[in-house]
Amino acid sequence: QFGRTEVIDNTLNPDFVRKFVLDYYFEEKQNLRFDVLWQEPLGSHSTVLGTQDFLGQAFVALGEVIGSQRGRLERPLTGVPGKRCGTILLLAEELSNCRDIVTMQLCANKLDKKDFFGKSDPFLVFYRSNEDGTFTICHKTEVVKNTLNPVWQPFTIPVRALCNGDYDRTVKIDVYDWDRDGSHDFIGEFATSYRELSRAQSQFTVYEVLNPRKKCKKKKYVNSGTVTLLSFSVESEFTFVDYIRGGTQLNFTVAIDFTASNGECSRGRGGPTSVAVGPTGACATGMPSQPTSLHYASPYQLSAYALALKAVGEIIQDYDSDKLFPAYGFGAKLPPDGKISHQFPLNNNVDNPSCAGIEGVLECYLQSLRTVQLYGPTNFAPVINQVAGAASQVTDGSQYHVLLIITDGVISDMLQTKEAIVTASSLPMSIIIVGVGPAEFEAMEELDGDDVRVSSRGRYAERDIVQFVPFRDYVDDSGNQVLSMARLAKDVLAEIPEQLLSYMKTHDIKPRRADP
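Please read these numbers as outputs of a predicted model, since none were measured by experiment. (Residues numbered from 1 in each chain as written. Predicted model: local features only at pLDDT ≥ 70, side-chain atom pairs only at ≥ 80, totals over all residues. Heavy atoms only, no water.)

**Student:** I'd like a rundown of the overall build of the chain, residues and numbers included.
**Tutor:** The number of helices and strands found in the chain is 12 helices and 24 strands. In terms of overall size, the chain is more extended than a compact globule, its C-alpha atoms giving a radius of gyration of 30 Å where 516 residues would be expected to give roughly 24 Å. By its C-alpha atoms, the chain is 105 × 75 × 45 Å across when sized along the principal axes. Looking at the chain residue by residue over its 516 residues, the buried ones come to 47%. Long-range pairs, those at least 24 residues apart, make up 68% of the contacts in the chain with a sequence separation of at least 6. A total of about 27500 Å² of accessible surface is found on the chain, and carbon and sulfur atoms cover 50% of it. Between the averaged position of the 51 positive side-chain charges in the chain and that of its 64 negative side-chain charges there is a distance of 6 Å. (Helix = DSSP H or I, 4+ residues; strand = E, 2+ residues; numbered from the N terminus. Rg over C-alpha atoms; globule rule 2.2 N^0.38 Å. Buried < 20%, exposed > 50% of the residue type's maximum accessible area, 1.4 Å probe, protein only. Contact = heavy atoms within 4.5 Å. Areas by Shrake-Rupley, 256 points an atom, 1.4 Å probe, with all protein chains shown as cover. Lys, Arg positive; Asp, Glu negative; His and termini not counted. Charge placed at Lys NZ, Arg CZ, Asp CG, Glu CD.)

If you want it as structure tokens, here you go:
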């Protein structure tokens, strides 16, 4: 039990006021259960949940509430056999945790001379005051060499870092003269607050720089110079939830590897099996019905392909209103003429490749395994270009595409894939690649631009939009598939919110205001 609302007397339509604060993680499936209880008249509520005071319950994922229109989700209450229990309406809102970002610029005038052979090399150190009266460094400016009248470059700092959201909290600023050996000379200090700094939006603010030691020693001491706040501006730092609540939809597309390298050659019971060798060098038959195939699913457990699909899809589907997901295969020979395709719809509908929900994608995937021939080669570029084409149609921030590619890692069109990723990096889309099987995935690591940004023909990707993980790193040792799926989802989806935000920021797209 996480918490309880207040009791509302004598009503069948209670409007509860008490709120519950939950930490939210996009990459995790956070399941919630709401029980509605009847309070016994004399207030002697039993601690044991009995049928006499149980009115119904609802199960929901936190992502479903956040991903619903305007953050409002209505669900029927269930749990009492043969009885309609009414409905529950859930509302989610993101707590305001001071997401503003400040950009400011300062200069100084007539600072004390500290260097024997020159003037001073001044820089500023900003300190945030803590609840216990201590101070914590929150920013340092650059050093301006050999001047008593420095002008520092504009810099940006989150308001929460500057004052932890308390606009009247003291902000202390020290002025130092930089020394090469690290023993910087103290010039002076002054104090202000966020509220006082913010007034500079309409006027310059000048602060006296004071050195307490000098002030005590010299009767005629005035100051050690002045610092002027030249500019101060505030912008809101939008979050992933801001865009989702503003109506941004996540469009999920799946692409599954049907190349022959996913299966091993095997001998039938009647002797040697005659097989054709495909372009990848592996068996062209693939034999997905054999336990040696990466596509093999036993009656008791799903294949690695199906597990990866469920792990990622079941979380993303909460943020897609129609729950219709385009699903493709690549690297197979299709009936009836055996034509090789690198982008065929799993539901055999070229005009509408969408499947209903993740279960619909799984069903079409399993059906395709029974009808197509695993072959090759392994080409990623066609399906990346397909999703990029859809993403290019709507670039106003209302749609963001996530492409999941599940593969055994033997890629054939690296140059074309890099070109496709560089082009897609300027569009509202992300690419998740899950590698299954025992192969070495050096090629996949090259596509994940965490260390070196992907480039093609001298062009670099505008953003890092690819996240690659090998599925074997997340398999639970005890064989617990639910745990394996949770681990996988947590890692592959962790970068999606930041990638979405980077697109919105690069293209100066602000979240739409949710309807009142």
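**Student:** Give a detailed account of the sheet that holds strand β19 (residues 373-374), specifying residues and quantitative values.
**Tutor:** Reading across from one edge, β16-β15-β19 is the order of the three strands in this open sheet, with antiparallel pairing throughout. Both edges of this open sheet fall to β16 (339-341) and β19, since each of them pairs with a single strand only. By the bridge criterion, three bridges tie strand β15 (residues 332-334) to β16 in an arrangement that is antiparallel. Following the sheet pairing, Leu 334 is matched in β16 by Lys 339. (Pairing = 2+ DSSP bridges.)

**Student:** So what about the pattern of salt bridges? Which residues, and what values?
**Tutor:** Using the criterion set out here, one finds 17 salt bridges in the structure. A salt bridge links Asp 35 to Arg 33; the nearest nitrogen and oxygen atoms lie 2.7 Å apart. Asp 35 gets classed as partly exposed once you look at its relative accessible area, which sits at 27%. Note that Arg 75 and Glu 64 form a salt bridge whose closest N and O atoms lie 2.5 Å from each other. Placement of the pair is Arg 75 in strand β3 (residues 72-76) and Glu 64 in helix α1 (residues 62-67), with a sequence separation of 11 residues. Through salt bridges with shared partners, a single ionic network connects Lys 172, Asp 174 and Glu 189. (Salt bridge = Lys/Arg side-chain N within 4 Å of Asp/Glu carboxyl O.)

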